[in-house]
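Listed here are the chains, written in short residue letters.
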Amino acid sequence: MKIDLYMHEQPKLLASLPTAIGDILSRLSTLAVKPERLVLVGTGSSMNALIAAATALEQATGALVTFKEPEAFLHLPPRPSAAPTLVIAVSQSGRSTSTVEAVRLSVSLGFPTLAIVGDDGSPLAETGADIVLMPIGEELAGPKTKGYTASVLSLLAVASHLGGKPLETSGLEAALDIALAQSDKAAQWLLSTYGIPDYIQVAGQHGHVGSALEASLKIAEITGVPTAGFDIEEALHGHVYGTTDRSLVLIIARDAAEAKVAANLGRALTALGPRLAVCNLSDEPTPYDLAIDWPAVPESWADATWALFPFQWYAWHVARAKGMEQPGMIYPNLGKQLNVKIRPVVV
Ligand SMILES: O=P(O)(O)OC[C@H]1O[C@](O)(CO)[C@@H](O)[C@@H]1O
């Protein structure tokens, strides 16, 4: 497993992805009608991608959005309704057992069902759902990096298709190359300045709740350091109290108002001991900003895609500092024992 190589592939893959899947989206019958109810199904990184893209999906359609972990969907599927409903499932491997079962149930109940998947030979691709294949090549099971960012961007492409506003990607690859390289440096700076924290808390708002959850998941999976991800409001209303002078709080700020909240939290919290840095996607600087120039794109439409770059690198560098030469899952064999995936048939 070579997470750093997968991370390096992201600028090129992401910049070409909306065009690469554009044709497929325009041919899918499930996307011919604007939904009034959207049910989003996935688990782990795939659920985080759904949360990260949900704001854009809601804005594009005006639909009421519901999130369902696959087991929750199986337990309580949506009731039939006169309101046009669209079920969107994401599974990069296409092998998460409960996601595959939930998609089968959704199809059998007659809901228009779209599945976004990274492997067209997987069981998910054979459920009868409309399939969008993410053309991102191999990423073996383990901590997802390009699979996550591509899932977010595929969902944003679905949102832009439903909203009738094409995604503008000119100049994106070069801008992402810069952001990725600067994210690597910013992650090294975080590590050399604050060492390995006893706890890492990540918070964001709106779609960036998904980014915060994914950032905390990635760091936990790869480094074994305790982490959590929250909505900024939840952090302010209590969770920042659960930090020590060896903890690191990472805030994702999407606009000027969020940057001001992050700066205020930084002043108040760092005076008490905990450390704080801001992944600042806005034009409002704070004293805690990671030094990253983000792509300038209209309406911040896709910043949930690349906001993960510094967190991916931070996980990688912390794992290396902990002695893992080639970082991967901190417990590489645990997944097999948990039976959460349909294993490929070996002939
Ligand atoms: O997107 P998929 O392939 O359904 O995987 C969901 C989750 O399952 C895992 O592969 C663990 O089994 C996670 O890394 C991932 O976030």
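The name an unreviewed UniProt entry assigns to the protein is SIS domain-containing protein, from the organism Acidisoma cellulosilyticum.

For this particular structure, what's the right way to read the overall build of the protein?
Regarding its fold elements, the protein presents 12 helices and nine strands. Rg of the C-alpha trace for the protein: 19 Å, near the compact-globule value of 20 Å for 347 residues, within the 12% margin. Along the first, second and third principal axes, the C-alpha atoms of the protein reach 55 × 45 × 40 Å. The buried share of the protein, taken over its 347 residues, is 55%. In the protein, the proportion of contacts linking residues at least 24 apart, taken out of those at least 6 apart, comes to 78%.

Teacher, can you tell me more about unusual backbone geometry here?
Excluding glycine, most residues fall at negative phi; most peptide bonds, likewise, are trans. The phi dihedral of His-206 falls on the positive side, at around 55 degrees, and the residue is not glycine. You can see His-206 is positioned in the loop between strand 6 (199-204) and helix 7 (208-223). With a relative accessible area of 43%, His-206 lands in the partly exposed category. The backbone phi angle of Asn-339 is positive, close to 55 degrees, even though this residue is not glycine. Within the element layout of this structure, Asn-339 appears in the segment after helix 12 (334-338).

How do you make sense of the sheet that holds strand 6 when you look at a structure like this?
Two modes of strand pairing occur in sheets, parallel and antiparallel, and in both the strands are linked by backbone hydrogen bonds. Here four strands make up an open sheet; going across it, the order is 7-6-8-9 and the pairing parallel. Strand pairing shows two members of the sheet lacking a second neighbour, strand 7 (227-231) and strand 9 (275-280), which therefore form its edges. The mean angle between the axes of side-by-side strands here comes to 20 degrees, regardless of whether they run parallel or antiparallel. Inspection of the sheet shows strand 6 paired to strand 8 (residues 247-253) by five bridges, in the parallel sense.

Looking at this structure, I do not really get the sheet that holds strand 4 (residues 113-117). What am I missing?
If you trace the five strands from one edge of the open sheet to the other, you get 2-1-3-4-5, paired in parallel fashion. At either end of the open sheet lies a strand with only one pairing partner, and these are strand 2 (64-68) and strand 5 (130-133). The sheet shows a mean angle of 20 degrees between the axes of neighbouring strands, taken without regard to direction. Note: strand 1 (residues 37-41) against strand 2, five bridges, orientation parallel.

Explain the packing of aromatic side chains to me, please; I cannot follow it from the model alone.
Centre distance and the angle of the planes are the two values used to describe a pair of aromatic rings. The final tally for this structure, using the stated rule, is two aromatic pairs. An angle of 80 degrees between the planes, with centres 5.9 Å apart, marks the rings of Trp-189 and Tyr-194 as edge-to-face. Of the residues examined, Tyr-194 reaches a relative accessible area of 21% and is grouped as partly exposed. Measuring from ring centre to ring centre gives 5.7 Å for Trp-313 and Trp-316, while their planes differ by 90 degrees; the resulting arrangement is edge-to-face. Within this pair, Trp-313 and its partner Trp-316 are both found in helix 11 (residues 309-321), separated by three residues, close to a single helical turn.

Parameters at a glance
Residues numbered from 1 in each chain as written. Predicted model: local features only at pLDDT ≥ 70, side-chain atom pairs only at ≥ 80, totals over all residues. Heavy atoms only, no water. Helix = DSSP H or I, 4+ residues; strand = E, 2+ residues; numbered from the N terminus. Rg over C-alpha atoms; globule rule 2.2 N^0.38 Å. Buried < 20%, exposed > 50% of the residue type's maximum accessible area, 1.4 Å probe, protein only. Contact = heavy atoms within 4.5 Å. Pairing = 2+ DSSP bridges. Axes fitted to C-alpha atoms, helices over the stretch in contact; angles between N-to-C directions. Phe/Tyr/Trp six-rings, centres within 6.5 Å; stacked < 30°, edge-to-face > 60°.

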